[in-house]
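Chains, contacts and geometry: an overview
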Amino acid sequence: MMKQAELFANKNVMITGGLGMIGSTIAHKLVPLGARVTLVDAFIEPYGANDYNIEGIRDNVQISVTDIRDKDAIRHLVKKQDIIFNLAGQVSHNDSLKNPFLDADINYIGHLNVLECVRRNAPEAVVLFAGSRLQFGRIEKNPVDESHPLQPRTPYALNKTAAENMYLFYHQVHRLRCVVFRIANPYGPRSQMKHSKYSMVNWFIRQAMDNQAIKVFGDGLQVRDYIYVDDLAEAFIRAAVSEACMGNVFNVGSGVGTRFRDMAETIVRAAKGGTVEFVPWPHDYINVETGDYVTDIARICEAVSWRPATAFDVGIERTVAYYRKNKSYYW
Ligand SMILES: NC(=O)c1ccc[n+]([C@@H]2O[C@H](COP(=O)([O-])OP(=O)(O)OC[C@H]3O[C@@H](n4cnc5c(N)ncnc54)[C@H](O)[C@@H]3O)[C@@H](O)[C@H]2O)c1
């Protein structure tokens, strides 16, 4: 098997949403491998773009402040790219209920724009898409594999599903080299910490570090699959250079179910602050609650010889340590 450094040396790699949590984590891994990395980000509030996310690699990446909906700019940017991690997104499923047009505009039309620009200007490029476990809607059977029915319950999940289908269409009809991930709940360093619109684990970490009460809805027995962002980035990178992945969909998570209350208590222990409080479900949440979710990761593990390497308590310790050190850049 070829080493990663041989596969990525001098490769032109573009990451949209590249100043956000997942995009910047991928960039930190690709720069040492010798890739020529371009980060494309529109720095739209309230999402996670943060200049500090590229601390340590700033001089080794190109940055383009560009919106993926900008046809002319994206047409120009995709030329000569070998790999495109198309991660730009409206990330809040709650906000998508309030502003479905913005969600469709970025998560569907914006992604269609990138695909169309790639088809016309870089048809050999690999394009990777960050879908969501929310596309499954209410869960019928755990662990959830790729054949589980898609029953999206929010505009965010609907637009991610429409975009996923568009990626698969571009693969089938135009032979574009597309890879689709449906991601569980990612957490870790370099996430935004200013609000609770998305990335609940990171928000709870902030609350514990600020010595506040973490509010858990219901009895806290609901199960989720939390994946450390470094592990997720590694899966993305392997998929980008795997022929077996082209045109395929993968569920990506840790493969481990963790109860909400255990997640919150692990955070309080690691942060040495905060408390866990149980409160009734707000009505706007219960509408989109999916039931327990655990990822069946067999397909991605086999395709790219990958395993999540970070146990939940270890990932939380590392995340807390990162924000203790770099708090002023995120609070
Ligand atoms: N964080 C999660 O819970 C989660 C779960 C599943 C999938 N995803 C998907 O992963 C991707 C990356 O999310 P993240 O967790 O790194 O969040 P993030 O907020 O840290 O990163 C998203 C980035 O996209 C940028 N962006 C938003 N709209 C843009 C546009 N129109 N043009 C260019 N840039 C734009 C933002 O400025 C931000 O830097 C998103 O597509 C998201 O939907 C995230």
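In this numbering scheme, every chain counts its residues from 1 along its sequence in written order. Given that this is a predicted model, residues contribute local features only at a pLDDT of at least 70 and side-chain atom pairs are listed and counted only at 80 or more, while totals for whole chains, interfaces and linings are drawn from all residues. To get the side-chain values, all heavy atoms of the structure are used, and hydrogens and water are removed first.

1. Brief notes about helix 12 (residues 312–326)
In DSSP terms, a helix is any run of H or I states spanning at least four residues, a strand is any run of E spanning at least two, and both are numbered starting from the N terminus. For a helix, the expected span equals 1.5 Å multiplied by the residue count minus one. Its 15 residues place the ends of helix 12 21 Å apart at the C-alpha level, agreeing with the 21 Å of an ideal helix rising 1.5 Å per residue. When accessible area is computed with a 1.4 Å probe and restricted to protein chains, residues below 20% of their type maximum are described as buried, those above 50% as exposed, and intermediate ones as partly exposed. All buried positions along helix 12 are accounted for by Phe312, Gly315, Ile316, Thr319, Val320, Tyr322, Tyr323 and Asn326. Looking down the long axis of helix 12, one finds its buried residues gathered within 160° of arc, a one-sided arrangement. Taking the helix axis as origin, the arc is that swept by the directions to the C-beta atoms.

2. Notes on the sheet that holds strand 11 (residues 248–252)
Reading across from one edge, 3-2-1-4-5-6-11 is the order of the seven strands in this open sheet, with parallel pairing throughout. With one partner strand each, in any of the chains shown, strand 3 (61–65) and strand 11 form the two edges of the open sheet. Within the sheet, the average angular offset between the axes of one strand and its neighbour, ignoring direction, is 20°. Pairing between strands requires that DSSP locate at least two bridges from one strand to the other. Across five bridges, the pairing between strand 2 (residues 36–41) and strand 3 is parallel. Across the sheet, residue valine 37 finds its bridge partner in strand 3, namely valine 61. Two residues form a contact once any of their heavy atoms are found within 4.5 Å. Axis angles are defined between N-to-C directions and span 0 to 180 degrees, where every axis is a line fitted to C-alpha atoms and, for a helix, only to the segment in contact. Lying on the sheet, helix 3 (residues 71–78) is in contact with strand 1 (12–16), strand 2, strand 3 and strand 4 (83–86); it crosses strand 2 at an angle near 170°. Across the sheet, helix 6 (residues 155–174) touches strand 4, strand 5 (126–132), strand 6 (177–183) and strand 11, and the angle it forms with strand 5 is around 155°.

3. Description of unusual backbone geometry
Following glutamate 45, the chain continues into proline 46 via a peptide bond in cis, with omega recorded as 5°. As for its placement among the helices and strands, proline 46 is situated in the loop between strand 2 and strand 3. Cis geometry marks the peptide bond from asparagine 142 to proline 143; its omega dihedral reads -10°. The residue proline 143 is located in the loop between strand 5 and helix 6 in this model. Phi angles above zero are rare outside glycine, and asparagine 10 is one such case at about 60°. Examined against the element boundaries, asparagine 10 turns out to sit in the loop between helix 1 (4–8) and strand 1.

4. Observations regarding the site of the ligand
Whether a residue is near a molecule or strand is decided by its heavy atoms; if any one of them lies within 4 Å of it, the residue is near. Near the ligand lie 31 residues; those nearest to it are Met21, Asp41, Gly48, Tyr156 and Tyr198. We call two N or O atoms a polar contact when they sit within 3.5 Å, provided that within protein one can donate a hydrogen and the other can accept it, with sequence-adjacent residues counted only if both atoms are side-chain atoms. A distance of 2.8 Å is found between an oxygen atom of the ligand and a backbone nitrogen or oxygen belonging to methionine 21. One nitrogen or oxygen atom from the main chain of isoleucine 44 is found 3.5 Å from an oxygen atom belonging to the ligand. Compared with its free state, where it exposes 820 Å², the ligand has 97% of that area covered by protein. No other element matches strand 5, which puts three residues into the shell around the ligand. A per-class count over the shell around the ligand returns 19 nonpolar, eight polar and four charged. Only the protein chains shown count as cover for residues, with accessible areas throughout obtained via the Shrake-Rupley method and a probe of 1.4 Å. Asp, Glu, Lys and Arg are counted as charged, while Ala, Val, Leu, Ile, Met, Phe, Trp, Tyr, Cys and Pro are counted as nonpolar; the rest, among them Gly, fall into the polar class.

5. Here we look at the packing of helix 7 (residues 200–209) against helix 9 (residues 260–271)
Across the interface, helix 7 lies against helix 9 with an axial gap of 9 Å and an inter-helix angle of 40°. With respect to their mutual orientation, helix 7 and helix 9 come out oblique. Here helix 7 and helix 9 pass one another in a crossing that is right-handed. Contact with helix 7, carried on its side by Met200, Val201, Phe204, Ile205, Ala208 and Met209, involves Phe260, Met263, Ala264, Ile267, Val268 and Ala271 of helix 9 and no other residues of that element. We call two directions roughly parallel when the angle between them is under 35 degrees, roughly antiparallel when it is over 145, roughly perpendicular when it lies between 65 and 115, and oblique otherwise. The hand of a helix crossing depends on one turn: near helix anticlockwise from the far one by less than a right angle means left-handed, and clockwise means right-handed.

6. Observations regarding the packing of aromatic side chains
The pairing test for Phe, Tyr and Trp rings, Trp by its six-membered ring, is centres within 6.5 Å, and the orientation test on the planes gives stacked under 30 degrees, edge-to-face over 60, and tilted for anything in between. According to the stated counting rule, one finds 17 aromatic pairs in the structure shown. Between phenylalanine 136 and tyrosine 293, the aromatic rings sit 6.2 Å apart at their centres with planes inclined by 25°, giving stacked as the arrangement. Of the two residues, phenylalanine 136 is situated in the loop between strand 5 and helix 6 and tyrosine 293 in the loop between helix 10 (283–286) and helix 11 (298–304); the sequence distance between them amounts to 157 residues. Both residues of the pair, phenylalanine 136 and tyrosine 293, count as buried. On the numbers, 5.7 Å between centres and 75° between planes, the contact of phenylalanine 169 with tyrosine 170 is edge-to-face. The class for phenylalanine 169 is partly exposed, based on a relative accessible area of 37%. The exposure class assigned to tyrosine 170 is buried, which follows from its relative accessible area of 5%. Three or more aromatic residues joined by ring pairs make a cluster, and in this case those are Tyr52, Tyr322, Tyr323, Tyr329, Tyr330 and Trp331. Sitting over a ring, as applied to charges here, requires NZ of Lys or CZ of Arg to be within 6 Å of the ring centre and within 35 degrees of the ring normal. A cation sits over an aromatic face here: arginine 133 above tyrosine 293, 5.6 Å from the ring centre.

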